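Letter by letter, the chains look like this.
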Amino acid sequence: MTDTVGLDVEAVTVSFGDLTVIEDVSFGVDPGTVTCLIGPNGSGKTTLLRVITGLLQPDSGTVTRPTTGARPVGYLAQAPAFRSQFSVRETLSFYADLVGEDVDSDSAMERVGLGGVRDRRVEALSGGMTRLLGIAQATIGDPGLLVLDEPSSGLDPMMSHHITETIAELADEGAAVIVATHDLGAVSRIADDTVLIDRGHVAATGAPNELLADTGASDLEEAMSALVSHEGDEVATRTAQSPRANGEGGDA
Ligand SMILES: Nc1ncnc2c1ncn2[C@@H]1O[C@H](COP(=O)(O)OP(=O)(O)OP(=O)(O)O)[C@@H](O)[C@H]1O
């Protein structure tokens, strides 16, 4: 999985009609590290991740990705959808076949700890297990870049810890990992770096302890609150809740 080239996002701008949701965003993620993308609801994190995976073309700017692995990018969508009748093993074999011949799916299953439920159907998995299945499918083919959208949202603390440890291990194996999350406890545990997005702009970057030092805050929630603009919050929240069609499945 090791690559000397990580992820490089350079001056990316994305608009939907008249609404510019990402403007002139630049940052990088080194191989073997975890960068957490944080920011308020509707600030543009998912949009940026979709550009990073190549699912969405930016209006301007460039994205340079690693080239190692049987596929370059593994992606966990915010709401991954799998075939309900497939078992865990069948689901992962299906994705492995899409990636290429002789691509192993068992190691991905074991890596996230789903070996014990390999024959359970997707429809019978808990929410946490479904997220683990999503992470497992994202790792098939050992991509050099892993893009994970809210991997631990809505999970109990033990499952959340398990998922964040798994993510840290994937980076230790050499992948460049970018994770969008509202779980600031997880950010403190696993982030080598953070990118704080506010209204489509980079409001701050740095390791979690640098954000704390820069703001004099005692925790990341306080630091984030100090760094984001609070003007027109009501409008931003309404926009974030407006219906939209992303049409994402579980694969990049
Ligand atoms: N396909 C689309 N068409 C129109 N507007 C969109 C589309 N996708 C996203 N948006 C808008 O872009 C903005 C950013 O949305 P995005 O989902 O990227 O935010 P986010 O930071 O991931 O939010 P959250 O934390 O709530 O998941 C929002 O105002 C959203 O309504």
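What counts and how
Residues numbered from 1 in each chain as written. Predicted model: local features only at pLDDT ≥ 70, side-chain atom pairs only at ≥ 80, totals over all residues. UniProt positions renumbered as here; feature names shortened; annotations may be inferred. Core = buried A, V, L, I, M, F, W, Y, C linked by C-beta atoms within 7 Å. Buried ≥ 20, exposed ≤ 12 C-beta atoms within 10 Å, placed from the backbone. Contact = placed C-beta atoms within 7 Å. Helix = DSSP H or I, 4+ residues; strand = E, 2+ residues; numbered from the N terminus. Pairing = 2+ DSSP bridges. Axes fitted to C-alpha atoms, helices over the stretch in contact; angles between N-to-C directions. Parallel < 35°, antiparallel > 145°, perpendicular 65-115°, else oblique. Left-handed = near helix turned anticlockwise from the far one by under 90°. Nonpolar A, V, L, I, M, F, W, Y, C, P; charged D, E, K, R; others polar. pLDDT = per-residue confidence, 0-100. Expected span 1.5 Å × (residues − 1). Arc of directions from axis to C-beta.

The protein is annotated in an unreviewed UniProt entry as ABC transporter ATP-binding protein from Halorientalis brevis. Here is the UniProt Sequence similarities (unreviewed entry) comment for the protein, exactly as written: "Belongs to the ABC transporter superfamily."

A. Summary view of the nonpolar core. The biggest cluster of nonpolar side chains holds 64 residues, and the ones touching the most others in it are Leu 37, Ala 136, Val 147, Leu 148, Ile 167, Val 177 and Val 179. Not counting the four nearest positions on each side in its chain, Val 177 is found in contact with Val 34, Leu 146, Leu 148, Ile 167, Leu 170 and Ala 171.

B. Structural context of the environment of Ser 126. As for its position among the elements, Ser 126 is in the loop between helix H3 (106-111) and helix H4 (127-139). Residue Ser 126 is classed as partly exposed on the basis of its C-beta count, with 13 C-beta atoms lying within 10 Å. When the C-alpha atoms of Ser 126 and Leu 155 are compared, they prove to be 10.0 Å apart, with 29 residues separating the residues in sequence.

C. Representation of the pairing of strand S3 (residues 34-38). The buried fraction of S3 is high, at five of five residues. The two faces of S3 match: Val 34, Cys 36 and Ile 38 on one face and Thr 35 and Leu 37 on the other face are all buried. Of the strand pairs in this sheet, S3 and strand S7 (residues 176-180) are connected by four bridges, and their pairing is parallel. In the strand pairing of S7, Leu 37 is matched with Ala 180. As paired elements, S3 and strand S8 (residues 193-198) share four bridges and run parallel to each other. Pairing of Cys 36 across the sheet is with Thr 194, part of S8.

D. Region of the structure containing the sheet that holds strand S9 (residues 201-206). Taken in spatial order, the six strands line up as S5-S6-S7-S3-S8-S9 in an open sheet, and their pairing is mixed. Strands at the two margins of the open sheet, each flanked by one partner only, are strand S5 (73-76) and S9. Going from strand to strand, the sheet's axes swing by 15° on average, the running direction of each strand aside. Bridging between S5 and strand S6 (residues 145-149) involves four bridges; their strand directions are parallel. Pairing of Gly 74 across the sheet is with Leu 146, part of S6. Against the sheet, helix H7 (residues 208-215) makes contact with S8 and S9, and its axis sits at roughly 105° relative to S9, the strand it touches most.

E. Focus on unusual backbone geometry. If you check the backbone angles, Ala 11 has positive phi at about 50° while not being a glycine. By the C-beta count within 10 Å, which is 12 here, Ala 11 ends up exposed. The backbone phi angle of Glu 150 is positive, close to 50°, even though this residue is not glycine. Its location among the elements puts Glu 150 in the loop between S6 and helix H5 (157-172). By C-beta crowding, Glu 150 is classed as buried, having 21 other C-beta atoms within 10 Å.

F. View of the packing of helix H2 (residues 88-99) against H4. Put simply, H2 and H4 touch, their axes get as near as 9 Å, and they point 30° apart. The orientation of H2 with respect to H4, classified from their angle, is roughly parallel. Of the two elements, H2 crosses H4, and the hand of that crossing is right-handed. Contact residues: Val 88, Thr 91, Leu 92 and Tyr 95 in H2; Leu 133, Ala 136 and Gln 137 in H4. Classifying every residue of the contact of H2 with H4 by side-chain character gives five nonpolar, two polar and no charged.

G. Molecular detail of the confidence of the model for the protein. Here the protein shows a mean pLDDT of 88. Residues at 70 or above account for 89%. By mean pLDDT, the top-scoring element of the protein is S3 (98), and the lowest-scoring one is helix H9 (residues 233-241) (42). Of the regions scoring below 50 in pLDDT, residues 233-252 engages in 25 contacts with residues more than four places distant in sequence or in other chains. Interface confidence for the predicted complex, expressed as ipTM, amounts to 0.97; the pTM equals 0.88.

H. Just H2, in detail. When the terminal C-alpha atoms of H2 are compared, their 17 Å separation across twelve residues agrees well with the 16 Å that a helix rising 1.5 Å per residue should span. Taken residue by residue, H2 has Val 88, Thr 91, Leu 92, Tyr 95, Ala 96 and Val 99 as its buried positions. For H2, the buried positions fall inside an angular range of 135° around the axis, keeping them on one side. Its buried side turned inward, H2 meets H3 and H4.

I. The sheet that holds strand S4 (residues 60-64), seen in detail. The strand order across the open sheet formed by three strands is S2-S1-S4, and the pairing between neighbours is antiparallel. Where the open sheet ends on each side, the last strands, each with one partner, are strand S2 (19-29) and S4. Taken over all neighbouring pairs, the strand axes of this sheet differ in orientation by 20° on average, direction set aside. Here seven bridges tie strand S1 (residues 7-16) to S2, and the two strands are oriented antiparallel to one another. What sits directly across from Ser 15, in S2, is Thr 20. Across the sheet, helix H1 (residues 45-53) is in contact with S1, S2 and S4; its angle to S1 comes to roughly 120°.

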